[in-house]
Amino acid sequence: MKPLVALVGRPNVGKSTLFNRITRNRTAIVDSTPGVTRDRHISEAEWLGRQFRVMDTGGYCHDRDGISQAMLEQTMTAIADADVILFLVDVRSGLTYLDLDMAKLLKKEYGDKPVYLVVNKVESQQLQFEAESFRKTGFTEPWFISARDGSGVADLLDEVAESF
Ligand code: GDP
Ligand code: MG
């Protein structure tokens with residue numbers, strides 16, 4: 001099996017936008033394995049000649065009380081199946097309790113798999129400055145990207161592809 005890169009993070013941080021960019025809009029395969037996960041999207045990708053798979057998570061309902069059950073299940077499955085985890089956060093909304101909950105969950109469950117903290121929507125110097133605050137998640141080496149514009153994504157993928 002090709003290595004699996006999982007995109008995790010609370011809703012609206014830009015996981016699907018990054019997924020589409022990495023997989024270049026190749027048709028996502030909906031894995032409908034019963035009882036395992038809902039709305040699990042996996043697609044093939046390639047970088048520096050290395051082939052891998054990317055898993056998008058999402059499709060969970062909003063839940064103001066923290067991590068919803070669906071989000072928890074999908075994230076746990078992603079962590080279990082992945083070889084590399086990209087933990088996405090959104091600089092435009094700032095660090096939220098949900099991000100901190102996700103960070104705690106990742107710290108507890110990821111074992112020794114590489115987790116990259118990816119701060120998305122960093123499209124100005126001011127936002128880059130603000131993005132530093134995400135070190136409070138406990139993941140102290142943030143990567144700054146714009147999934148929309150593509151900045152930072154190549155550097156991140158260079159690093160990820162090296163870790164396979
Ligand atoms: P998901 O819920 O984590 O999958 O997030 P989506 O990929 O659906 O994106 C949520 C919203 O953020 C959409 O309106 C996107 O257009 C927007 N978005 C995603 N990536 C970026 C980015 O790099 N910069 C900006 N400014 N907006 C983004
Ligand atoms: Mg999504």
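Since the structure is predicted, the reported quantities are computational estimates derived from the model, not experimental observations. (Residues numbered from 1 in each chain as written. Chains lettered and ligands numbered in written order. Predicted model: local features only at pLDDT ≥ 70, side-chain atom pairs only at ≥ 80, totals over all residues.)

Engineer: Looking at this structure, how should I read the overall build of the protein?
Structural biologist: A count of helices and strands for the protein gives five helices and seven strands. Starting at the N terminus and walking to the C terminus, you meet the elements of the protein as β-α-β-β-β-α-β-α-β-α-β-α. Relative to its 164 residues, the protein shows a buried fraction of 37%. Sequence-distant contacts in the protein: of pairs separated by 6 or more residues, those separated by 24 or more amount to 68%. (Helix = DSSP H or I, 4+ residues; strand = E, 2+ residues; numbered from the N terminus. Buried ≥ 20, exposed ≤ 12 C-beta atoms within 10 Å, placed from the backbone. Contact = placed C-beta atoms within 7 Å.)

Engineer: Looking at this model, I keep getting lost on the nonpolar core. Mind explaining?
Structural biologist: A general feature of soluble globular proteins is that nonpolar side chains tend to end up buried together. By size, the foremost hydrophobic cluster in this structure holds 38 residues, and its most contacted members are A6, L7, I85, F87 and V119. With five residues, the top contributor of residues to this core is strand β5 (residues 84-90). Excluding residues that lie within four positions of it along the chain, L7 makes contacts with K15, L18, F19, V54, M55, D56, T57, L86 and L88. (Core = buried A, V, L, I, M, F, W, Y, C linked by C-beta atoms within 7 Å.)

Engineer: What should I look at first to understand the site of ligand 1 in this one?
Structural biologist: Around ligand 1, a shell composed of 15 residues is seen, among which G14, K15, S16, T17 and R148 lie nearest. The greatest single-element share of the shell around ligand 1, amounting to three residues, is contributed by helix α1 (residues 15-23). Class assignment of the residues belonging to the shell around ligand 1 gives a composition of three nonpolar, eight polar and four charged. (Near = placed C-beta within 6 Å. Nonpolar A, V, L, I, M, F, W, Y, C, P; charged D, E, K, R; others polar.)

Engineer: Whenever I open this one, the packing of helix α2 (residues 69-81) against helix α3 (residues 97-109) confuses me. Can you help?
Structural biologist: In a packed pair of helices, the relevant descriptors are the angle between the two axes and the axis-to-axis distance. Two numbers describe how α2 lies on α3: the axes approach to 11 Å, and their chain directions differ by 35 degrees. In the crossing of α2 with α3, the sense of the turn from one axis to the other is right-handed. For the pair formed by α2 and α3, the contact residues are T75, M76 and I79 on the first element and M102, L105, L106 and E109 on the second. Tallied by class, residues from the contact of α2 with α3 come to five nonpolar, one polar and one charged. (Axes fitted to C-alpha atoms, helices over the stretch in contact; angles between N-to-C directions. Left-handed = near helix turned anticlockwise from the far one by under 90°.)

Engineer: Is there a simple way to think about the confidence of the model for the protein in this case?
Structural biologist: Detail in the predicted coordinates should be disregarded across regions flagged by low pLDDT. Per-residue confidence for the protein gives a mean pLDDT of 87; residues scoring 70 or more make up 85%. The low-confidence segment residues 27-39 (pLDDT under 50) makes 17 contacts with residues lying over four places distant or belonging to another chain. For this predicted complex, the interface confidence comes out at an ipTM of 0.99, alongside a pTM of 0.90. (pLDDT = per-residue confidence, 0-100.)

Engineer: Please clarify how α1 should be interpreted in this entry.
Structural biologist: The periodicity of an α-helix, 3.6 residues per turn, causes residues three or four positions apart to be oriented the same way. Within α1, the full set of buried residues consists of K15, L18, F19, R21 and I22. Seen end-on, α1 carries its buried residues on one side only, within an arc spanning 165 degrees. Directly after α1, the chain includes R24, whose backbone phi takes a positive value near 50 degrees. (Arc of directions from axis to C-beta.)

Engineer: I tried to follow the environment of L106 on my own but got confused; where do I start?
Structural biologist: If you trace the backbone, L106 turns up in helix α3. Residues within four places of L106 in sequence aside, it is in contact with I79, I85, F87 and V115.

Engineer: So what exactly am I meant to see when it comes to the pairing of strand β1 (residues 4-8) here?
Structural biologist: Side-chain direction in a regular strand flips from residue to residue, so the side chains alternate between the two faces of the sheet. A large share of β1 lies buried, amounting to four of its five residues. Of the strand pairs in this sheet, β1 and strand β4 (residues 50-56) are connected by four bridges, and their pairing is parallel. Within β4, the position partnered with L4 by the bridge is R53. The sheet contact formed by β1 and β5 spans four bridges and is parallel. (Pairing = 2+ DSSP bridges.)

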